[in-house]
Amino acid sequence: MKHAKITVFVKELPLRSKRERKYRILHIATTLLIGLSISTLAIFLGCFVHDNVRKMKILILDGCYFSISSNPFETLKASDNNRVLSDEELMWQASMVRRVLDYPNSRPKVAFMFLSRGRLRFAPLWEKFFKGYEGFYSIYHHSSPEFNNEAPNSSVFYNSRIPSKQVEWGESTMVDAERRLLANALLDLSNERFILLSESCIPLFNFTTIYNYLINSRQSFLASFDDPTKDGRGRYNPGMSPTITLSDWRKGSQWFEMHRKVAIEIIVDQKYYPIFNEYCKPPCYMDEHYLSTFVTKIGAQWNSNRSLTWVDWSKGGPHPTRFVRKDVSEKLLNSIRFSNGFNCTYNGGIKSTTTICFLFARKFHQSSLEPLLRIMPKLLGFHP
């Protein structure tokens, strides 16, 4: 019986060896296949991640593709495309700049953002103001959509207009336009300071003075104060509570100047902006309350609580004094430039004061252009 079992076992040995070899070959093949699959998957995922990181460095703005160079000091480059982004897409693209690259620039620039109905009436004056300072400023112009006159290619305003939407005085569309300007300007990585100007604004000093004043400031310049009257606290809507309380409520001028970090916080704001958009309706004017309240909530220490744009409210009423041709004189301009002898704080220090409290002024009528062109070259020290 044992002999028979041994004989059978011996006869089955070759068959077992063959099966074991087949199993080993199958195991090796399976291992190789799994390893190859994992390698392929790793390569695929690597390519996918690399491609998406590269795509993250492609920013789309107003129908143009903007690529971020490996050199952090270069500005964004554009190529033609016909698609115009929605405001939501534009805000997202601008917010991604901070996340993709957050490097200081070797030559910081000031972004001059003009908000107007149509053409810039004081363009000839601004041309003289900017002349010779290329590379130290950027210009953005938000006008009414129906305005389609482009500045000549020899002008500093050439190609400065951004895709715009209709703006109504006293409506939230005014703040939307301001955010649109900020988002466009933020896409230039070298823009460090952002100033909002109207078509009735003029500079009060030469470019060098204004540039140094802004670049050397550690604070932004947004007027923000607690107004206890019906035109201040009286505009507060209890529906804003608890996110925005009455004690948070502030009022101020819409004509601001701000640092890049504040500008970014404004365009990424999804907490306070929707509340203002829903509850701040006339006689609450969003452009007079949103930014002044917002900056107080997110970082009051970043703000000087004053505007750099002078305006005359001494006559009362819903609109400031308008200056026409006969009003313009060297005496008037100097009284504005040096605040009639008053000082103001600079960089937040009690002991750090300056006689230069305003860098811009409004509200000047078109008729004042001729005397301004005659007086300003001597006053500001640029060529007539």
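Along each chain, numbering runs from 1 in the same order as the chain's sequence is written. Totals for whole chains, interfaces and linings use every residue, but because this is a predicted model, local features are given only for residues with pLDDT of at least 70 and side-chain atom pairs only at 80 or more, for both listing and counting. Note that water and hydrogens are dropped before the side-chain values are worked out from all heavy atoms of the structure.

1. Examining the overall build of the protein chain
For step 1, the next point in the chain: Under the DSSP-based scheme used, a helix requires at least four consecutive residues in state H or I and a strand at least two consecutive residues in state E, with every element numbered from the N terminus. A count of helical and extended segments in the protein chain gives 10 helices and 12 strands.
For step 2, the next point in the chain: Counting all 384 residues of the protein chain, 46% fall into the buried class.
For step 3, the next point in the chain: Contacts in the protein chain between residues at least 24 apart in sequence constitute 75% of all its contacts with a sequence separation of at least 6.
For step 4, the next point in the chain: For the accessible areas, the method is Shrake-Rupley and the probe is 1.4 Å, while residue cover comes only from the protein chains on display. Surface summary for the protein chain: the accessible area is close to 20,600 Å², and the carbon and sulfur share equals 57%. Summary of the burial criterion: residues with accessible area below 20% of their type's maximum are buried, those above 50% are exposed, and those between are partly exposed, where the area comes from a 1.4 Å probe applied to protein chains only. Between two residues, a contact is recorded if the distance between any of their heavy atoms is within 4.5 Å.

2. Some thoughts on the packing of helix α4 (residues 173-186) against helix α8 (residues 286-299)
For step 1, the next point in the chain: Each axis is a line fitted through C-alpha atoms, and for a helix only the stretch in contact is used; angles between axes span 0 to 180 degrees, taken between their N-to-C directions. α8 packs onto α4 with a crossing angle of 50° between their chain directions and a minimal axis gap of 8 Å. Judged by the inter-axis angle, α4 sits oblique to α8. Where α4 crosses over α8, the two elements pack in a sense that is right-handed. Between α4 and α8, the contacting residues are Met174, Val175, Glu178 and Arg179 on the first element and Met286, Asp287, Tyr290 and Leu291 on the second.
For step 2, the next point in the chain: Across the contact of α4 with α8, the residue classes tally to five nonpolar, no polar and three charged. The scheme is simple: roughly parallel for angles under 35 degrees, roughly antiparallel for over 145, roughly perpendicular for 65 to 115, oblique for anything else. Crossings are sorted by hand: turned counterclockwise from the far helix by less than a right angle, the near helix makes the crossing left-handed, and turned clockwise it makes it right-handed. Residues were grouped as follows: Ala, Val, Leu, Ile, Met, Phe, Trp, Tyr, Cys and Pro as nonpolar; Asp, Glu, Lys and Arg as charged; and all remaining residues, including Gly, as polar.

3. With respect to the environment of Thr243
For step 1, the next point in the chain: Note that Thr243 resides in the loop between α5 (207-215) and β8 (257-259).
For step 2, the next point in the chain: With a relative accessible area of 25%, Thr243 lands in the partly exposed category.
For step 3, the next point in the chain: Sequence spacing of Thr243 and Ile275 is 32 residues, and the spatial spacing of their C-alpha atoms is 8.4 Å.
For step 4, the next point in the chain: Not counting residues within four places of it along the chain, the set of residues in contact with Thr243 comprises Asp248, Lys271, Tyr272, Ile275 and Lys297.

4. As for the sheet that holds strand β6 (residues 191-198)
For step 1, the next point in the chain: Across the sheet, which stays open at both edges, the four strands sit in the order β5-β4-β6-β8 with mixed pairing between neighbours. In this open sheet, the two edge strands, each paired with only one partner strand, are β5 (137-142) and β8. Taken pair by pair, the neighbouring strands of this sheet meet at an average axis angle of 20°, ignoring direction.
For step 2, the next point in the chain: Pairing of β6 with β8, which is carried by three bridges, proceeds in the antiparallel orientation. Each residue of the ladder has a partner; that of Phe194, found in β8, is Met258. Following DSSP output, two strands are said to pair if at least two bridges run between them.

5. Quick notes on unusual backbone geometry
For step 1, the next point in the chain: Along the chain, Ser241 connects to Pro242 via a cis peptide bond; the corresponding omega equals 5°.
For step 2, the next point in the chain: With phi around 65°, Asn305 is a residue other than glycine that occupies positive phi space.
For step 3, the next point in the chain: Summarising the element assignment, Asn305 is placed in the loop between α8 and β9 (309-310).
For step 4, the next point in the chain: Residue Asn305 is classed as partly exposed on the basis of its relative accessible area of 44%.

6. Observations concerning the pairing of strand β4 (residues 109-115)
For step 1, the next point in the chain: Burial of β4 is extensive: seven of the seven residues sit out of reach of the surface.
For step 2, the next point in the chain: Of the strand pairs in this sheet, β4 and β6 are connected by seven bridges, and their pairing is parallel. Following the sheet pairing, Phe112 is matched in β6 by Ile195.
For step 3, the next point in the chain: Bridging between β4 and β5 involves six bridges; their strand directions are parallel. Directly across from Phe114, in β5, lies its bridge partner His141.

7. What to know about the confidence of the model for the protein chain
For step 1, the next point in the chain: Every residue gets a pLDDT, meaning the predictor's confidence in that residue, from 0 to 100. Summarising the model, the protein chain shows a mean pLDDT of 82, and 75% of its residues fall at 70 or more.
For step 2, the next point in the chain: For residues 48-80, every residue scores under 50 in pLDDT, and the model assigns this stretch 72 contacts once sequence neighbours within four places are set aside.

8. Focus: the state of the cysteines
For step 1, the next point in the chain: The disulfide criterion is simple: two cysteine sulfur atoms within 2.5 Å. Using the criterion set out here, one finds two disulfides in the structure.
For step 2, the next point in the chain: With its sulfur 2.0 Å from that of its partner, Cys280 forms a disulfide with Cys284. Taking the torsion about the sulfur-sulfur bond, which here is approximately -85°, the covalent link between Cys280 and Cys284 counts as left-handed. No difference in accessibility class separates Cys280 from Cys284, as the two residues are buried.
For step 3, the next point in the chain: A sulfur-sulfur distance of 2.2 Å marks the disulfide that ties Cys344 to Cys357. Measuring the twist about the S-S bond at about -115°, one finds the Cys344-Cys357 disulfide to be left-handed. Of this pair, Cys344 sits in strand β10 (residues 344-346) while Cys357 sits in the loop between β11 (349-354) and β12 (360-361); the two residues are 13 residues apart in sequence, bridging distant segments of the chain.

9. As for the layout of surface pockets
For step 1, the next point in the chain: Size it by volume and the largest pocket reaches roughly 1,100 Å³.
For step 2, the next point in the chain: Using a 1 Å grid laid over the protein atoms alone, points where a 1.4 Å probe fits but cannot get out form a cavity; open sets with protein on both sides within 12 Å along at least 5 of 7 lines form a pocket; any residue with an atom within 4 Å of a point counts as lining. Contributing to the lining of the largest pocket are 39 residues, with Trp169, Gln254, Trp255, Asp287 and Arg362 lying nearest its centre.
For step 3, the next point in the chain: Contributing elements (two or more residues each) for the lining of the largest pocket: α8 and β9.
For step 4, the next point in the chain: For the lining of the largest pocket, the residue count by class is 14 nonpolar, 14 polar and 11 charged. Grid points are joined across faces, edges and corners, and a volume is the space filled by probe spheres set on the points.

10. Here's the deal with the sheet that holds strand β7 (residues 202-203)
For step 1, the next point in the chain: Strands sit in the order β7-β12-β9 across an open sheet of three strands; the sheet is mixed. Both edges of this open sheet fall to β7 and β9, since each of them pairs with a single strand only.

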